[in-house]
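Each chain, written out:
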Number of protein chains: 2
Amino acid sequence: MDIKKQIIDRIAENHLFRSGSPAFKEKLEKEANLTRIHKGQVLFIAQEDADKFYIIHTGWVKLFRETFDGTQAIIDILSQNHMFGETSIFEDDAYPFSAEAIEPSEIISFPLSLLKNEIENNPAFSIAMLSSMARYRKQQDLEIEHRTLQNAPQRIGCFLLRLANQEHKGPITIHLPYDKTLVASRLGMQPETFSRALSKLKDATGISVKGSTIEINNLSDLSGFSCAACSSEFPCQDLKKETV
Amino acid sequence: MDIKKQIIDRIAENHLFRSGSPAFKEKLEKEANLTRIHKGQVLFIAQEDADKFYIIHTGWVKLFRETFDGTQAIIDILSQNHMFGETSIFEDDAYPFSAEAIEPSEIISFPLSLLKNEIENNPAFSIAMLSSMARYRKQQDLEIEHRTLQNAPQRIGCFLLRLANQEHKGPITIHLPYDKTLVASRLGMQPETFSRALSKLKDATGISVKGSTIEINNLSDLSGFSCAACSSEFPCQDLKKETV
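Cut-off values and rules
Residues numbered from 1 in each chain as written. Chains lettered and ligands numbered in written order. Predicted model: local features only at pLDDT ≥ 70, side-chain atom pairs only at ≥ 80, totals over all residues. Heavy atoms only, no water. Least-squares fit on C-alpha atoms with pLDDT ≥ 70 in both. Contact = heavy atoms within 4.5 Å. Salt bridge = Lys/Arg side-chain N within 4 Å of Asp/Glu carboxyl O. Helix = DSSP H or I, 4+ residues; strand = E, 2+ residues; numbered from the N terminus. Buried < 20%, exposed > 50% of the residue type's maximum accessible area, 1.4 Å probe, protein only. Pairing = 2+ DSSP bridges. Axes fitted to C-alpha atoms, helices over the stretch in contact; angles between N-to-C directions. Buried area = accessible area lost by both parts, 1.4 Å probe. Nonpolar A, V, L, I, M, F, W, Y, C, P; charged D, E, K, R; others polar. Parallel < 35°, antiparallel > 145°, perpendicular 65-115°, else oblique. Phe/Tyr/Trp six-rings, centres within 6.5 Å; stacked < 30°, edge-to-face > 60°. Lys NZ or Arg CZ within 6 Å of the ring centre and 35° of its normal. Core = buried A, V, L, I, M, F, W, Y, C linked by side-chain atoms within 4.5 Å.

A. Expanded view of the relation of the copies chain B and chain A. By a simple turn and slide, chain B fits onto chain A: the slide is 0.0 Å along the axis, the RMSD is 0.0 Å, and the turn is 180 degrees. Taken together, the rotation angle and the small translation identify this as a two-fold axis. Both copies share a contact surface, since 100% of the interface residues of chain B are interface residues in chain A too.

Next up, the structure:
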(Lines give C-alpha, C1' and ligand atoms only; values in the text may rest on other atoms or scores of the structure.)
Protein backbone atom coordinates (compact mmCIF):
# COMPACT_ATOMS: atom_id res chain seq x y z
CA MET A 1 0.00 0.00 0.00
CA ASP A 2 1.50 3.35 -0.92
CA ILE A 3 2.16 6.07 1.67
CA LYS A 4 -0.59 8.37 0.42
CA LYS A 5 -3.24 5.67 0.78
CA GLN A 6 -1.95 4.82 4.28
CA ILE A 7 -2.21 8.43 5.38
CA ILE A 8 -5.69 8.86 3.94
CA ASP A 9 -6.85 5.71 5.75
CA ARG A 10 -5.46 7.06 9.00
CA ILE A 11 -7.18 10.41 8.45
CA ALA A 12 -10.49 8.66 7.81
CA GLU A 13 -10.27 7.11 11.31
CA ASN A 14 -9.88 10.48 12.98
CA HIS A 15 -12.61 11.98 15.14
CA LEU A 16 -12.98 15.00 12.87
CA PHE A 17 -12.82 13.33 9.47
CA ARG A 18 -14.99 10.38 10.52
CA SER A 19 -17.93 12.77 10.32
CA GLY A 20 -17.13 13.61 6.70
CA SER A 21 -19.44 12.50 3.89
CA PRO A 22 -18.28 9.67 1.57
CA ALA A 23 -17.96 12.21 -1.25
CA PHE A 24 -15.66 14.35 0.93
CA LYS A 25 -13.44 11.38 1.75
CA GLU A 26 -13.21 10.45 -1.92
CA LYS A 27 -12.18 13.98 -2.83
CA LEU A 28 -9.61 14.11 -0.01
CA GLU A 29 -8.02 10.97 -1.38
CA LYS A 30 -8.09 12.22 -4.94
CA GLU A 31 -6.69 15.65 -4.22
CA ALA A 32 -4.16 14.80 -1.51
CA ASN A 33 -0.65 15.81 -2.46
CA LEU A 34 2.36 14.27 -0.70
CA THR A 35 5.57 16.32 -0.91
CA ARG A 36 9.02 15.93 0.57
CA ILE A 37 10.40 19.24 1.79
CA HIS A 38 13.85 20.14 3.01
CA LYS A 39 14.89 21.74 6.26
CA GLY A 40 14.25 25.49 6.09
CA GLN A 41 11.65 25.24 3.35
CA VAL A 42 8.79 27.66 3.90
CA LEU A 43 5.28 26.35 3.26
CA PHE A 44 3.52 29.67 3.62
CA ILE A 45 3.91 33.14 5.14
CA ALA A 46 1.52 34.83 7.58
CA GLN A 47 -1.22 36.85 5.84
CA GLU A 48 -0.63 35.06 2.52
CA ASP A 49 -3.79 33.87 0.70
CA ALA A 50 -4.60 30.42 2.04
CA ASP A 51 -5.61 27.67 -0.38
CA LYS A 52 -4.34 24.51 1.35
CA PHE A 53 -4.26 22.80 4.70
CA TYR A 54 -1.57 20.34 5.74
CA ILE A 55 -0.93 17.17 7.70
CA ILE A 56 2.57 16.09 8.71
CA HIS A 57 3.48 12.52 7.78
CA THR A 58 7.10 12.62 9.01
CA GLY A 59 9.40 15.38 10.28
CA TRP A 60 8.87 18.67 12.12
CA VAL A 61 7.29 21.98 11.16
CA LYS A 62 7.41 25.25 13.08
CA LEU A 63 4.54 27.74 13.09
CA PHE A 64 5.62 31.30 13.82
CA ARG A 65 4.87 34.99 13.48
CA GLU A 66 7.09 38.04 13.47
CA THR A 67 6.55 40.97 15.80
CA PHE A 68 6.85 44.60 14.76
CA ASP A 69 10.24 44.89 16.45
CA GLY A 70 11.48 41.93 14.36
CA THR A 71 11.48 39.04 16.85
CA GLN A 72 10.24 35.64 15.75
CA ALA A 73 7.48 34.23 17.95
CA ILE A 74 7.32 30.43 17.80
CA ILE A 75 3.65 29.48 18.11
CA ASP A 76 4.23 25.76 17.95
CA ILE A 77 6.49 23.04 16.64
CA LEU A 78 4.50 20.13 15.26
CA SER A 79 5.40 16.57 14.41
CA GLN A 80 3.76 13.49 12.89
CA ASN A 81 -0.01 13.45 12.35
CA HIS A 82 -0.61 17.09 13.23
CA MET A 83 -2.81 19.25 11.03
CA PHE A 84 -2.23 22.97 10.42
CA GLY A 85 -3.49 25.80 8.24
CA GLU A 86 -7.11 24.68 8.46
CA THR A 87 -8.26 27.65 10.58
CA SER A 88 -7.46 30.03 7.69
CA ILE A 89 -11.00 29.49 6.45
CA PHE A 90 -12.15 31.53 9.48
CA GLU A 91 -9.46 34.18 8.95
CA ASP A 92 -10.68 35.62 5.65
CA ASP A 93 -8.71 32.90 3.83
CA ALA A 94 -5.33 34.18 4.98
CA TYR A 95 -2.84 32.11 6.99
CA PRO A 96 -2.69 33.42 10.57
CA PHE A 97 1.01 32.39 10.92
CA SER A 98 3.97 31.27 8.80
CA ALA A 99 5.07 27.62 8.50
CA GLU A 100 8.57 26.28 7.85
CA ALA A 101 10.08 22.77 7.96
CA ILE A 102 12.74 22.48 10.68
CA GLU A 103 13.75 18.96 9.60
CA PRO A 104 13.46 17.17 6.25
CA SER A 105 9.74 16.33 6.28
CA GLU A 106 6.97 14.61 4.35
CA ILE A 107 3.87 16.73 4.23
CA ILE A 108 0.50 16.02 2.75
CA SER A 109 -1.61 18.94 1.54
CA PHE A 110 -5.29 19.25 0.64
CA PRO A 111 -7.29 22.05 -0.96
CA LEU A 112 -8.90 24.21 1.74
CA SER A 113 -11.99 24.46 -0.47
CA LEU A 114 -12.78 20.79 0.31
CA LEU A 115 -12.90 21.54 4.01
CA LYS A 116 -14.91 24.68 3.47
CA ASN A 117 -17.52 22.93 1.34
CA GLU A 118 -17.87 20.10 3.80
CA ILE A 119 -18.35 22.49 6.74
CA GLU A 120 -20.98 24.42 4.81
CA ASN A 121 -22.88 21.40 3.58
CA ASN A 122 -22.52 18.77 6.28
CA PRO A 123 -23.78 19.88 9.72
CA ALA A 124 -22.32 16.77 11.42
CA PHE A 125 -18.86 17.69 10.11
CA SER A 126 -19.25 21.28 11.19
CA ILE A 127 -20.10 20.10 14.73
CA ALA A 128 -17.08 17.74 14.75
CA MET A 129 -14.94 20.71 13.71
CA LEU A 130 -16.37 22.76 16.61
CA SER A 131 -15.54 20.00 19.00
CA SER A 132 -12.01 19.75 17.60
CA MET A 133 -11.54 23.50 18.05
CA ALA A 134 -12.86 23.34 21.61
CA ARG A 135 -10.20 20.75 22.39
CA TYR A 136 -7.52 22.99 20.95
CA ARG A 137 -8.88 25.86 23.03
CA LYS A 138 -8.49 23.78 26.16
CA GLN A 139 -4.93 22.87 25.20
CA GLN A 140 -4.07 26.52 24.82
CA ASP A 141 -5.66 27.30 28.20
CA LEU A 142 -3.39 24.67 29.71
CA GLU A 143 -0.39 26.05 27.84
CA ILE A 144 -1.01 29.52 29.28
CA GLU A 145 -1.49 28.00 32.73
CA HIS A 146 1.79 26.07 32.44
CA ARG A 147 3.75 29.17 31.47
CA THR A 148 2.84 30.59 34.87
CA LEU A 149 2.74 27.58 37.16
CA GLN A 150 5.20 24.97 35.91
CA ASN A 151 8.90 25.44 36.50
CA ALA A 152 11.25 25.00 33.52
CA PRO A 153 12.07 21.27 34.10
CA GLN A 154 8.35 20.50 34.52
CA ARG A 155 7.56 22.32 31.31
CA ILE A 156 10.10 20.25 29.36
CA GLY A 157 8.72 17.08 30.99
CA CYS A 158 5.20 18.08 29.94
CA PHE A 159 6.37 18.69 26.36
CA LEU A 160 7.98 15.22 26.23
CA LEU A 161 4.92 13.53 27.74
CA ARG A 162 2.74 15.11 25.09
CA LEU A 163 4.97 13.68 22.35
CA ALA A 164 4.93 10.18 23.88
CA ASN A 165 2.30 7.50 23.46
CA GLN A 166 0.85 7.88 26.95
CA GLU A 167 -0.84 4.48 26.96
CA HIS A 168 2.42 2.67 26.16
CA LYS A 169 3.89 0.28 28.73
CA GLY A 170 7.68 0.04 28.95
CA PRO A 171 10.49 2.31 27.72
CA ILE A 172 9.72 5.05 25.18
CA THR A 173 12.05 6.76 22.71
CA ILE A 174 11.32 10.32 21.54
CA HIS A 175 13.11 12.15 18.74
CA LEU A 176 13.27 15.91 19.17
CA PRO A 177 14.21 18.34 16.39
CA TYR A 178 18.03 18.69 16.15
CA ASP A 179 17.77 22.41 16.78
CA LYS A 180 17.16 22.58 20.53
CA THR A 181 16.87 26.37 20.50
CA LEU A 182 13.52 25.90 18.71
CA VAL A 183 12.27 23.60 21.44
CA ALA A 184 13.45 26.14 24.02
CA SER A 185 11.69 28.92 22.17
CA ARG A 186 8.47 26.88 21.84
CA LEU A 187 8.56 26.49 25.63
CA GLY A 188 9.21 30.20 26.17
CA MET A 189 12.76 29.67 27.52
CA GLN A 190 16.21 30.98 26.75
CA PRO A 191 18.51 28.23 25.37
CA GLU A 192 20.67 28.30 28.55
CA THR A 193 17.60 27.91 30.76
CA PHE A 194 16.53 24.99 28.59
CA SER A 195 19.90 23.17 28.98
CA ARG A 196 19.97 23.63 32.75
CA ALA A 197 16.33 22.58 33.08
CA LEU A 198 16.87 19.46 30.95
CA SER A 199 19.74 18.40 33.28
CA LYS A 200 17.50 18.87 36.31
CA LEU A 201 14.75 16.88 34.63
CA LYS A 202 17.20 14.02 33.96
CA ASP A 203 18.25 13.93 37.61
CA ALA A 204 14.67 14.11 38.87
CA THR A 205 13.04 11.54 36.59
CA GLY A 206 15.79 9.22 35.26
CA ILE A 207 15.22 10.00 31.57
CA SER A 208 18.32 9.79 29.38
CA VAL A 209 19.29 12.28 26.70
CA LYS A 210 21.58 11.49 23.75
CA GLY A 211 21.72 14.36 21.30
CA SER A 212 18.15 14.84 20.18
CA THR A 213 16.98 11.39 21.31
CA ILE A 214 15.25 11.04 24.65
CA GLU A 215 14.72 7.69 26.37
CA ILE A 216 11.97 7.49 28.96
CA ASN A 217 12.24 4.32 31.03
CA ASN A 218 9.44 5.08 33.38
CA LEU A 219 6.57 7.23 32.17
CA SER A 220 5.03 7.54 35.63
CA ASP A 221 8.23 9.03 37.12
CA LEU A 222 8.09 11.69 34.42
CA SER A 223 4.36 12.37 34.80
CA GLY A 224 4.57 12.37 38.61
CA PHE A 225 7.19 15.10 38.38
CA SER A 226 5.72 17.21 35.57
CA CYS A 227 1.98 16.96 36.14
CA ALA A 228 2.10 18.10 39.79
CA ALA A 229 1.80 21.70 38.57
CA CYS A 230 -1.03 21.04 36.10
CA SER A 231 -4.77 21.28 36.61
CA SER A 232 -5.48 18.44 34.18
CA GLU A 233 -5.05 14.69 34.69
CA PHE A 234 -2.48 12.30 33.24
CA PRO A 235 -2.91 10.80 30.65
CA CYS A 236 -3.78 14.11 28.94
CA GLN A 237 -7.48 13.98 28.10
CA ASP A 238 -7.23 16.47 25.25
CA LEU A 239 -4.70 14.36 23.34
CA LYS A 240 -6.90 11.34 22.85
CA LYS A 241 -8.57 12.66 19.76
CA GLU A 242 -6.27 15.50 18.89
CA THR A 243 -4.03 14.24 16.13
CA VAL A 244 -5.31 12.83 12.86
CA MET B 1 -36.64 49.56 28.58
CA ASP B 2 -35.59 47.08 31.26
CA ILE B 3 -32.00 45.83 31.60
CA LYS B 4 -32.81 42.34 30.43
CA LYS B 5 -34.36 43.58 27.19
CA GLN B 6 -31.37 45.89 26.62
CA ILE B 7 -28.92 43.04 27.01
CA ILE B 8 -30.88 40.74 24.71
CA ASP B 9 -30.99 43.47 22.06
CA ARG B 10 -27.23 43.89 22.32
CA ILE B 11 -26.70 40.13 22.06
CA ALA B 12 -28.86 39.99 18.94
CA GLU B 13 -26.46 42.45 17.26
CA ASN B 14 -23.44 40.25 17.89
CA HIS B 15 -21.66 38.44 15.09
CA LEU B 16 -22.41 35.04 16.60
CA PHE B 17 -26.02 35.53 17.61
CA ARG B 18 -26.96 37.40 14.46
CA SER B 19 -26.86 34.03 12.70
CA GLY B 20 -29.42 32.59 15.11
CA SER B 21 -32.92 31.70 13.95
CA PRO B 22 -35.85 33.92 15.04
CA ALA B 23 -37.09 31.05 17.23
CA PHE B 24 -33.68 30.88 18.95
CA LYS B 25 -33.69 34.60 19.66
CA GLU B 26 -37.20 34.40 21.09
CA LYS B 27 -36.18 31.57 23.40
CA LEU B 28 -33.03 33.41 24.50
CA GLU B 29 -35.16 36.36 25.52
CA LYS B 30 -37.72 34.21 27.26
CA GLU B 31 -35.23 32.11 29.20
CA ALA B 32 -32.60 34.74 30.03
CA ASN B 33 -32.08 35.11 33.74
CA LEU B 34 -30.45 38.24 35.16
CA THR B 35 -28.90 37.82 38.62
CA ARG B 36 -26.92 40.08 40.89
CA ILE B 37 -24.08 38.24 42.55
CA HIS B 38 -21.75 39.33 45.33
CA LYS B 39 -17.97 39.37 45.36
CA GLY B 40 -16.65 35.87 46.01
CA GLN B 41 -19.79 34.14 44.80
CA VAL B 42 -19.02 31.00 42.83
CA LEU B 43 -21.05 30.41 39.66
CA PHE B 44 -19.75 26.93 38.97
CA ILE B 45 -16.85 24.60 39.73
CA ALA B 46 -14.61 22.86 37.15
CA GLN B 47 -15.94 19.45 36.10
CA GLU B 48 -19.44 20.22 37.43
CA ASP B 49 -22.33 19.32 35.10
CA ALA B 50 -22.89 22.30 32.82
CA ASP B 51 -26.44 23.49 32.12
CA LYS B 52 -25.98 27.25 31.59
CA PHE B 53 -23.80 29.73 29.76
CA TYR B 54 -23.29 33.29 30.94
CA ILE B 55 -22.80 36.86 29.75
CA ILE B 56 -21.49 39.59 32.07
CA HIS B 57 -23.61 42.74 32.17
CA THR B 58 -21.56 44.58 34.83
CA GLY B 59 -18.66 43.61 37.11
CA TRP B 60 -15.79 41.13 36.89
CA VAL B 61 -15.60 37.33 36.88
CA LYS B 62 -12.51 35.18 37.17
CA LEU B 63 -12.15 31.83 35.43
CA PHE B 64 -9.70 29.48 37.12
CA ARG B 65 -8.58 25.92 37.71
CA GLU B 66 -6.70 24.28 40.53
CA THR B 67 -3.55 22.24 39.98
CA PHE B 68 -2.80 18.98 41.77
CA ASP B 69 -0.35 20.70 44.08
CA GLY B 70 -3.10 23.15 45.13
CA THR B 71 -2.22 26.33 43.24
CA GLN B 72 -4.96 28.37 41.61
CA ALA B 73 -4.38 29.02 37.92
CA ILE B 74 -6.20 32.14 36.70
CA ILE B 75 -7.29 31.45 33.12
CA ASP B 76 -8.90 34.81 32.59
CA ILE B 77 -10.61 37.73 34.28
CA LEU B 78 -13.59 38.94 32.26
CA SER B 79 -15.65 42.11 32.32
CA GLN B 80 -18.70 43.56 30.62
CA ASN B 81 -20.16 41.81 27.56
CA HIS B 82 -17.97 38.71 27.76
CA MET B 83 -19.51 35.26 27.40
CA PHE B 84 -18.28 32.18 29.25
CA GLY B 85 -19.26 28.57 29.89
CA GLU B 86 -20.47 28.01 26.33
CA THR B 87 -17.66 25.62 25.36
CA SER B 88 -18.92 23.10 27.94
CA ILE B 89 -21.13 21.67 25.22
CA PHE B 90 -17.95 20.33 23.60
CA GLU B 91 -16.56 19.08 26.91
CA ASP B 92 -19.08 16.32 27.64
CA ASP B 93 -21.31 18.95 29.27
CA ALA B 94 -18.91 19.66 32.11
CA TYR B 95 -17.43 23.10 32.83
CA PRO B 96 -13.72 23.13 31.88
CA PHE B 97 -12.94 25.69 34.64
CA SER B 98 -14.46 27.30 37.73
CA ALA B 99 -16.03 30.80 37.71
CA GLU B 100 -16.27 33.26 40.61
CA ALA B 101 -17.30 36.93 40.84
CA ILE B 102 -14.39 39.13 41.94
CA GLU B 103 -16.58 42.25 42.21
CA PRO B 104 -20.32 42.65 42.79
CA SER B 105 -21.63 41.77 39.31
CA GLU B 106 -24.75 41.46 37.20
CA ILE B 107 -24.73 38.27 35.19
CA ILE B 108 -27.19 36.98 32.67
CA SER B 109 -27.52 33.22 32.22
CA PHE B 110 -29.12 31.11 29.48
CA PRO B 111 -29.80 27.37 29.24
CA LEU B 112 -26.96 25.65 27.39
CA SER B 113 -29.55 23.45 25.70
CA LEU B 114 -30.68 26.45 23.60
CA LEU B 115 -27.18 26.86 22.22
CA LYS B 116 -26.82 23.16 21.64
CA ASN B 117 -30.09 22.90 19.72
CA GLU B 118 -29.28 25.89 17.58
CA ILE B 119 -25.84 24.51 16.68
CA GLU B 120 -27.35 21.16 15.76
CA ASN B 121 -30.23 22.55 13.73
CA ASN B 122 -28.95 25.75 12.16
CA PRO B 123 -25.82 25.29 9.98
CA ALA B 124 -25.31 29.07 9.64
CA PHE B 125 -25.15 29.39 13.42
CA SER B 126 -22.77 26.49 13.71
CA ILE B 127 -20.44 28.16 11.19
CA ALA B 128 -20.66 31.48 13.08
CA MET B 129 -19.73 29.57 16.23
CA LEU B 130 -16.70 28.07 14.43
CA SER B 131 -15.62 31.49 13.34
CA SER B 132 -16.02 32.81 16.89
CA MET B 133 -13.88 29.97 18.22
CA ALA B 134 -11.22 30.57 15.57
CA ARG B 135 -10.98 34.17 16.79
CA TYR B 136 -10.56 32.99 20.36
CA ARG B 137 -7.89 30.57 19.19
CA LYS B 138 -5.97 33.44 17.62
CA GLN B 139 -6.29 35.46 20.83
CA GLN B 140 -4.81 32.61 22.81
CA ASP B 141 -1.95 32.26 20.29
CA LEU B 142 -1.20 35.93 20.87
CA GLU B 143 -1.45 35.50 24.62
CA ILE B 144 1.15 32.71 24.52
CA GLU B 145 3.34 34.82 22.26
CA HIS B 146 3.10 37.79 24.64
CA ARG B 147 4.13 35.73 27.65
CA THR B 148 7.42 35.14 25.88
CA LEU B 149 8.08 38.34 23.97
CA GLN B 150 6.49 41.26 25.84
CA ASN B 151 8.16 42.62 28.93
CA ALA B 152 6.01 43.13 32.03
CA PRO B 153 5.10 46.83 31.40
CA GLN B 154 4.16 46.00 27.79
CA ARG B 155 1.98 43.14 28.96
CA ILE B 156 0.07 45.43 31.34
CA GLY B 157 -0.26 48.00 28.55
CA CYS B 158 -1.65 45.33 26.24
CA PHE B 159 -4.16 44.25 28.90
CA LEU B 160 -5.36 47.87 29.31
CA LEU B 161 -5.60 48.42 25.56
CA ARG B 162 -7.77 45.33 25.23
CA LEU B 163 -10.18 46.72 27.86
CA ALA B 164 -10.39 50.11 26.14
CA ASN B 165 -12.60 51.14 23.25
CA GLN B 166 -9.81 51.22 20.67
CA GLU B 167 -11.72 53.38 18.21
CA HIS B 168 -12.34 56.09 20.82
CA LYS B 169 -10.78 59.52 20.33
CA GLY B 170 -9.71 61.43 23.42
CA PRO B 171 -9.06 60.37 27.04
CA ILE B 172 -10.25 56.94 28.23
CA THR B 173 -11.02 55.76 31.76
CA ILE B 174 -10.69 52.09 32.66
CA HIS B 175 -11.82 50.48 35.89
CA LEU B 176 -9.78 47.48 36.97
CA PRO B 177 -10.88 45.01 39.65
CA TYR B 178 -9.93 46.28 43.14
CA ASP B 179 -7.85 43.18 43.77
CA LYS B 180 -4.71 43.87 41.75
CA THR B 181 -3.15 40.51 42.64
CA LEU B 182 -5.77 38.95 40.35
CA VAL B 183 -4.74 41.17 37.46
CA ALA B 184 -1.09 40.28 38.18
CA SER B 185 -1.95 36.60 38.25
CA ARG B 186 -3.94 36.85 35.00
CA LEU B 187 -0.84 38.35 33.41
CA GLY B 188 1.42 35.65 34.83
CA MET B 189 3.27 38.02 37.19
CA GLN B 190 4.08 38.18 40.87
CA PRO B 191 2.28 41.11 42.61
CA GLU B 192 5.62 42.94 43.20
CA THR B 193 6.56 42.59 39.52
CA PHE B 194 3.13 43.98 38.62
CA SER B 195 3.55 47.09 40.82
CA ARG B 196 7.03 47.84 39.48
CA ALA B 197 5.91 47.26 35.89
CA LEU B 198 2.86 49.51 36.31
CA SER B 199 5.14 52.36 37.50
CA LYS B 200 7.39 51.88 34.48
CA LEU B 201 4.35 51.88 32.20
CA LYS B 202 3.17 55.17 33.75
CA ASP B 203 6.54 56.79 33.13
CA ALA B 204 6.78 55.47 29.57
CA THR B 205 3.26 56.26 28.36
CA GLY B 206 1.84 59.03 30.58
CA ILE B 207 -1.15 57.02 31.83
CA SER B 208 -2.33 57.90 35.33
CA VAL B 209 -3.32 55.40 38.01
CA LYS B 210 -5.60 56.20 40.96
CA GLY B 211 -6.43 53.08 42.93
CA SER B 212 -8.10 50.80 40.46
CA THR B 213 -8.94 53.56 37.96
CA ILE B 214 -6.66 54.09 34.99
CA GLU B 215 -6.78 57.23 32.84
CA ILE B 216 -5.34 56.97 29.35
CA ASN B 217 -4.87 60.38 27.78
CA ASN B 218 -3.22 59.24 24.63
CA LEU B 219 -4.10 55.82 23.29
CA SER B 220 -1.37 55.90 20.64
CA ASP B 221 1.39 56.47 23.23
CA LEU B 222 0.18 53.35 25.00
CA SER B 223 -0.17 51.28 21.83
CA GLY B 224 3.17 52.49 20.45
CA PHE B 225 4.84 51.24 23.61
CA SER B 226 2.96 47.96 24.12
CA CYS B 227 2.37 46.72 20.59
CA ALA B 228 6.04 46.90 19.53
CA ALA B 229 6.48 43.34 20.83
CA CYS B 230 3.33 41.94 19.21
CA SER B 231 2.89 40.27 15.83
CA SER B 232 -0.62 41.67 15.39
CA GLU B 233 -1.69 45.18 14.45
CA PHE B 234 -3.31 47.89 16.56
CA PRO B 235 -6.32 48.22 16.79
CA CYS B 236 -6.57 44.53 17.72
CA GLN B 237 -8.31 42.77 14.82
CA ASP B 238 -9.61 39.92 16.94
CA LEU B 239 -11.52 42.24 19.30
CA LYS B 240 -13.82 43.70 16.68
CA LYS B 241 -16.34 40.93 16.87
CA GLU B 242 -15.29 39.28 20.08
CA THR B 243 -17.63 40.52 22.76
CA VAL B 244 -21.39 40.18 22.64
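Now, onward.
B. Main features of the pattern of salt bridges. Residue and element names in this part refer to chain A. The tally for this structure, following the rule as stated, stands at 16 salt bridges over all chains. Between Glu106 and Arg36 there is a salt bridge, and its shortest N-O distance comes to 3.0 Å. Of this pair, Glu106 sits in strand E8 (residues 105–111) while Arg36 sits in strand E1 (residues 33–37), placing them 70 residues apart in sequence. Residue Arg36 is classed as exposed on the basis of its relative accessible area, which comes to 58%.

C. Focus on the sheet that holds strand E2 (residues 42–44) of chain A. All names here are of chain A. Taking strand neighbours across the sheet as the criterion, the 4 strands line up as E2-E7-E4-E5 in an open arrangement whose pairing is antiparallel. Strands with a single pairing partner mark the edges of an open sheet, and in this sheet they are E2 and strand E5 (72–78). Across this sheet, the average inter-strand angle for adjacent strands is 30 degrees, counted without regard to direction. Relative to strand E7 (residues 98–101), E2 runs antiparallel, the two sharing 2 bridges.

D. Seen up close, the interface of chain B and chain A. Each partner contributes to the interface: chain B provides 44 residues, whereas chain A provides 44 residues. Between chain B and chain A, a total of about 4,100 Å² is buried, with carbon and sulfur atoms accounting for 63% of that surface. Counting across the chain B and chain A interface gives 6 salt bridges. Where the side of chain B that touches chain A is concerned, the elements lending two or more residues are strand E4 (61–66), strand E5 (72–78), helix H4 (112–121) and helix H5 (123–149) of chain B. For the side of chain B that touches chain A, the leading source of residues is H5 of chain B, giving 20 residues. For the side of chain B that touches chain A, the residue count by class is 20 nonpolar, 11 polar and 13 charged.

E. The sheet that holds strand E6 (residues 83–84) of chain B, seen in detail. All names here are of chain B. One open sheet holds the 4 strands; their spatial order is E1-E8-E3-E6, and the pairing between them is antiparallel. Every other strand in the sheet has two partners, leaving strand E1 (33–37) and E6 as the edge strands with one partner each. Sheet contacts for H4: strand E3 (52–58) and strand E8 (105–111); angle to E8, the most-contacted strand, approximately 50 degrees.

F. Main features of the pairing of strand E9 (residues 172–175) of chain B. Residue and element names in this part refer to chain B. Only one face of E9 is buried: it carries Ile172 and Ile174, and the other face, with Thr173 and His175, is open. Sheet topology places E9 next to strand E11 (residues 213–216); 4 bridges connect them, and they run antiparallel. Among the inter-strand pairings, Ile172 is bridged to a residue of E11, identified as Ile216.

G. Examining the packing of H5 of chain B against helix H6 (residues 152–163) of chain B more closely. Residues and elements named next belong to chain B. The N-to-C vectors of H5 and H6 enclose an angle of 155 degrees; their axes lie 10 Å apart at closest approach. Judged on the interaxial angle alone, H6 and H5 are roughly antiparallel. Contacts between H5 and H6 involve Gln139, His146, Arg147 and Leu149 from the former and Gln154, Arg155, Cys158 and Arg162 from the latter. When grouped by side-chain class, the residues that make up the contact of H5 with H6 number 2 nonpolar, 3 polar and 3 charged.

H. Focus on the packing of aromatic side chains. Scanning all chains against the criterion turns up 20 aromatic pairs over all chains. Geometrically, the ring pair formed by Phe17 of chain A and Phe53 of chain A is stacked, given 6.5 Å between the ring centres and 10 degrees between the ring planes. Of this pair, Phe17 of chain A sits in the loop between helix H1 (3–13) and helix H2 (22–31) while Phe53 of chain A sits in strand E3 (residues 52–58), and the two are 36 residues apart along the sequence. Of the two residues, Phe17 of chain A and Phe53 of chain A, both sit in the buried class. With centroids separated by 6.0 Å and ring planes inclined at 5 degrees, the aromatic side chains of Phe17 of chain B and Phe24 of chain B adopt a geometry described as stacked. Each member of the pair Phe17 of chain B and Phe24 of chain B is classed as buried. Members of the aromatic cluster, each reached through a chain of ring pairs, are Phe17, Phe24, Phe53, Phe110 and Phe125 of chain A. Above the face of the Tyr136 of chain B ring, Arg137 of chain A is positioned so that its terminal group lies 3.6 Å from the ring centre. It is Lys62 of chain B that lies over the ring of Phe64 of chain B; its NZ or CZ is 4.9 Å from the centre.

I. Representation of the nonpolar core in the model. Ranked by internal contacts, the top residues of the largest apolar core, which has 82 residues, are Phe17 and Phe84 of chain A together with Phe17 and Phe84 of chain B. Excluding residues within four positions of it along the chain, Phe84 of chain B makes contact with Leu43, Phe44, Phe53, Tyr54, Ile56, Val61, Leu63, Leu78 and Ala99 of chain B.

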